[in-house]
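Here's the letter readout for the chains.
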Amino acid sequence: MFARVLPNLFTVGNLFLGVMAILLAINNHWEYAAITVIIGMLLDGLDGKVARMLNTQSEFGKELDSLSDVITFGVAPAIIMYVSVLKSFGAEGWFITAIFPICGALRLARFNVQSGPKGYFVGLPITAAGGILATMALYDKYIDNHYIMAIGMIFLSFLMVSQVKYPAFKKMKTPKAFLWISAVFVVAIAISAIFYPAELPKVIFVPLALYALYGLKKSIRRKRANKNEEPVED
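The rules behind each value
- Residues numbered from 1 in each chain as written.
- Predicted model: local features only at pLDDT ≥ 70, side-chain atom pairs only at ≥ 80, totals over all residues.
- Heavy atoms only, no water.
- Helix = DSSP H or I, 4+ residues; strand = E, 2+ residues; numbered from the N terminus.
- Contact = heavy atoms within 4.5 Å.
- Areas by Shrake-Rupley, 256 points an atom, 1.4 Å probe, with all protein chains shown as cover.
- Buried < 20%, exposed > 50% of the residue type's maximum accessible area, 1.4 Å probe, protein only.
- Patch = residues over 30% accessible without salt bridge, like charges linked within 9 Å, V, L, I, M, F, W, Y side chains within 5 Å.
- Salt bridge = Lys/Arg side-chain N within 4 Å of Asp/Glu carboxyl O.
- Lys, Arg positive; Asp, Glu negative; His and termini not counted.
- Charge placed at Lys NZ, Arg CZ, Asp CG, Glu CD.
- Phe/Tyr/Trp six-rings, centres within 6.5 Å; stacked < 30°, edge-to-face > 60°.

Trainee: Explain the overall build of the protein to me, please; I cannot follow it from the model alone.
Mentor: Along the protein, the regular secondary structure elements total 8 helices and 2 strands. Ordered by position from N to C terminus, the α and β elements of the protein give α-α-α-α-β-α-α-β-α-α. A sequence separation of at least 24 residues applies to 82% of the contacts in the protein between residues at least 6 apart. As displayed, the protein offers around 13,200 Å² of accessible surface, 68% of which is attributable to carbon and sulfur atoms.

Okay, here's the thing in structure tokens:
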């Protein structure tokens, strides 16, 4: 019985962290809100793997996961960006803020009804996009022109609904010891967040951004290769 419930507990924990991130952002604790989204990413990666390891996948769990992801990686990062950057934009800020979770919901809906190529996601996963946006918001102090941040947010929204392929690391086979290693890793992240609340999210932004750019680069290279191929004559 516990084995069937365990993956859903990770998913509910992810949803809880999403709500906490929204509340933290509203109360101007952006660093902690970003860290909360990051921990939510770890739980989101665990629920699916645990379900596959225990052979307890279900349609209920799949739908719950999607609904949780919309909150934690769609709404919460958008609120973080709005409070930290877009609030001064007025109505434009409202519109840009709304675009991100809408594209995230469209991305999840497509994922639930269309299976992409084996080992790949079609479009930037909302988990990665939300993590990038939540941590990117902390760089607002270093970027004078906030329109650059807004363009970055719109670009992430586009990547989610695009046809760009991204490696699906969460679908890779992992040993059973992964569960315990992941638990230790989550604790380590939480401890690091306590001692380095401002620096940790900024560091995590780098590999997430590289992941987004990697898929885009591979897609552009693939299109160029196809264009350079000469047609074969009969």
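Trainee: Honestly, the environment of G131 in this entry has me stumped. Any pointers?
Mentor: Mapped onto the elements of the fold, G131 is located in helix α5 (residues 126–136). Relative accessible area serves as the criterion here: at 0%, G131 is assigned to the buried category. Considering only alpha carbons, one finds G131 and T36, 95 residues apart in sequence, at a separation of 9.9 Å. Once you skip the residues sitting within four places of it in the chain, G131 turns out to touch V37, M41 and L208.

Trainee: I would appreciate a short explanation of the environment of D140 in the present structure.
Mentor: Secondary-structure assignment places D140 in the loop between α5 and α6 (146–161). Once the C-alpha coordinates of D140 and V85 are considered, the two residues, 55 residues apart in sequence, prove to be 6.8 Å apart. Sequence-distant contacts of D140, that is, excluding residues within four places in its chain, are made with W30, S84, V85, H146 and M149.

Trainee: Would you take a moment to explain a positive patch on the surface for this structure?
Mentor: Side chains of K165, K217, K218, R221 and R222 sit close together on the surface and give a patch of like positive charge. Counting residues per element, the positive patch draws most heavily on helix α8 (residues 199–228), which supplies 4 residues. Within the secondary structure layout, K165 lies in strand β2 (residues 165–167).

Trainee: Honestly, the packing of aromatic side chains in this entry has me stumped. Any pointers?
Mentor: Both the distance between ring centres and the angle between the ring planes are used here to describe each pair of aromatic rings. Across all of its chains, the model carries 6 aromatic pairs by this definition. Measuring from centroid to centroid gives 4.6 Å for F89 and Y147, while their planes differ by 40°, and the two rings are tilted. Taken together, the residues F89 in the loop between α3 (59–84) and α4 (91–113) and Y147 in helix α6 connect sequence positions 58 residues apart. Exposure remark for Y147: the relative accessible area of 47% places this residue in the partly exposed category. Between the aromatic rings of Y166 and Y211, the centroid separation amounts to 5.3 Å while the plane-to-plane angle is 45°, which identifies the pairing as tilted. Within this pair, whereas Y166 is found in strand β2, its partner Y211 is found in helix α8, the two being separated by 45 residues in sequence. Assigned by exposure class, Y166 and Y211 land together as buried. Each residue in the set Y139, Y142 and F205 is aromatic and connected to the rest through ring pairs, giving one cluster.

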